[in-house]
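Breakdown of the fold
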Amino acid sequence: EPYRNQQDAPIFFLTKIIQMRRPWYRAQNKIFNALFLSIFLLLFSQVAQAQPDGKALFQANCASCHNPIVDVTGPALQGVEGRVPSKDWLYSWIRNSASLIASGDEYANNIYNEWGGVAMTGFPNLKNDEIDAILVYIEGYVDPNKNKKTDDDSVTEEEGDSNTWLYAVLTI
């Protein structure tokens with residue numbers, strides 16, 4: 001008899017069930033861990049690849065006609081999101097300003113006339129997230145000449161605004 005009395009029967013059967021399941025449980029646990037690790041790595045590798053570089057995109061596509069803070073061939077771009085009718089309108093303008101002008105859009109025609117009848121070059125290849133990255137770069141742009149020392153060696157802006165400490169901590 002595998003067990004001595006009626007009270008030991010449930011314990012005996014439970015231990016047998018646990019012993020039978022133990023090899024399957026270990027394999028199941030390994031499969032779960034491998035699957036979890038794969039999903040985790042996949043998610044974080046996609047996040048790292050999904051961040052376009054706003055500065056590089058601006059330099060490659062916009063800098064020949066625009067400056068973030070000064071009017072040149074085209075208008076200064078800092079604050080552009082607050083000046084245009086909507087973000088979707090801005091996407092359309094960047095991709096193909098000529099079609100917006102031709103459609104009779106009032107705001108597009110005002111810009112066109114204000115800048116001497118010169119249409120902006122279209123960038124149909126830019127995706128929304130790339131345009132958003134450019135806009136983030138433009139809004140965060142600070143004039144590099146703003147912190148230069150003047151003739152009396154005083155700094156025009158507070159020196160405490162630099163990110164030196166942040167970089168030092170991140171490096172450690």
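Scroll up to find the structure.
What comes next concerns the included structure. (Residues numbered from 1 in each chain as written. Predicted model: local features only at pLDDT ≥ 70, side-chain atom pairs only at ≥ 80, totals over all residues. Heavy atoms only, no water.)

Regarding the pattern of salt bridges
- Applying the stated criterion across every chain yields a total of two salt bridges.
- The partner of Glu81 in a salt bridge is Lys87, with the nearest N and O atoms 3.2 Å apart.
- The partner of Lys87 in a salt bridge is Asp132, and the shortest N-O contact between them spans 3.2 Å. Taken together, the positions of Lys87 in helix H4 (residues 87-95) and Asp132 in helix H7 (residues 128-140) put the pair 45 residues apart, joining distant regions of the chain.
- For Asp132, a relative accessible area of 24% puts it in the partly exposed group.
- Among the charged side chains, a network of salt bridges with common partners joins Glu81, Lys87 and Asp132. (Salt bridge = Lys/Arg side-chain N within 4 Å of Asp/Glu carboxyl O. Helix = DSSP H or I, 4+ residues; strand = E, 2+ residues; numbered from the N terminus. Buried < 20%, exposed > 50% of the residue type's maximum accessible area, 1.4 Å probe, protein only.)

Examining the layout of surface pockets
- As a volume, the largest pocket reaches approximately 590 Å³.
- Together, 29 residues line the largest pocket, and His66, Pro75, Leu77, Trp93 and Met120 are the ones closest to its centre.
- At the level of elements, helix H3 (80-83), H4, helix H6 (106-114) and H7 are the ones that each hand at least two residues to the lining of the largest pocket.
- When its residues are assigned to classes, the lining of the largest pocket shows 22 nonpolar, five polar and two charged. (1 Å grid on protein atoms, 1.4 Å probe; cavity = no way out; pocket = protein on both sides within 12 Å on 5 of 7 lines; lining within 4 Å. Points joined across faces, edges and corners; volume = space filled by probe spheres on them. Nonpolar A, V, L, I, M, F, W, Y, C, P; charged D, E, K, R; others polar.)

Describing the nonpolar core
- Core analysis: the largest hydrophobic core is formed by 24 residues, its most contacted members being Phe58, Trp89, Trp93, Leu126 and Ile134.
- Listing elements by their share of this core, those giving two or more residues are helix H2 (54-61), H4, helix H5 (97-102), H6 and H7.
- Here the element with the most residues in this core is H7; it accounts for six residues.
- Among residues more than four places away in sequence, those in contact with Ile134 are Gly54, Leu57, Phe58, Cys62 and Leu126. (Core = buried A, V, L, I, M, F, W, Y, C linked by side-chain atoms within 4.5 Å. Contact = heavy atoms within 4.5 Å.)

So, the packing of aromatic side chains
- For the structure shown, the criterion picks out four aromatic pairs.
- Ring centres of Trp89 and Trp93 lie 5.4 Å apart, and the angle between their planes is 10°; this geometry places the pair in the stacked category. With Trp89 and Trp93 both in helix H4, this residue pair falls four residues apart, about one helical turn. Of the two residues examined, Trp89 and Trp93, each falls in the buried class.
- Between Trp89 and Tyr107, the ring centres sit 5.2 Å apart and the planes meet at 80°, which makes this aromatic pair edge-to-face. In this pair, Trp89 sits in helix H4 while Tyr107 sits in helix H6, placing the two residues 18 residues apart along the sequence.
- Given a relative accessible area of 8%, Trp89 falls into the buried group. (Phe/Tyr/Trp six-rings, centres within 6.5 Å; stacked < 30°, edge-to-face > 60°.)

What about the packing of H4 against H7?
- Relative to each other, H4 and H7 sit at 100°, their axes nearing to 11 Å. Looking at the two axes, H4 sits roughly perpendicular to H7. Seen from H4, the contacting residues are Lys87, Leu90, Tyr91, Ile94 and Arg95; seen from H7, they are Asn128, Ile131, Asp132 and Leu135.
- Here the contact of H4 with H7 is built from residues that sort into five nonpolar, one polar and three charged. (Axes fitted to C-alpha atoms, helices over the stretch in contact; angles between N-to-C directions. Parallel < 35°, antiparallel > 145°, perpendicular 65-115°, else oblique.)

Digging into a nonpolar patch on the surface
- On the surface, Phe32, Leu35, Phe36, Leu37, Ile39, Phe40, Leu41, Leu43 and Phe44 cluster together to form a nonpolar patch covering roughly 970 Å² of accessible area.
- The residue Phe44 is located in helix H1 (residues 9-49) in this model. (Patch = residues over 30% accessible without salt bridge, like charges linked within 9 Å, V, L, I, M, F, W, Y side chains within 5 Å. Areas by Shrake-Rupley, 256 points an atom, 1.4 Å probe, with all protein chains shown as cover.)

Things to note about H6
- Near the N-terminus of H6, the side chain that reaches the backbone nitrogen of Tyr107, with its oxygen 3.1 Å away, is that of Asp105.
- With its phi angle positive at about 75°, Gly116 sits one or two positions after the end of H6. (Polar contact = N/O pair within 3.5 Å; in protein donor to acceptor, adjacent residues only side chain to side chain.)

Any functional reading would require information beyond the geometric quantities listed.
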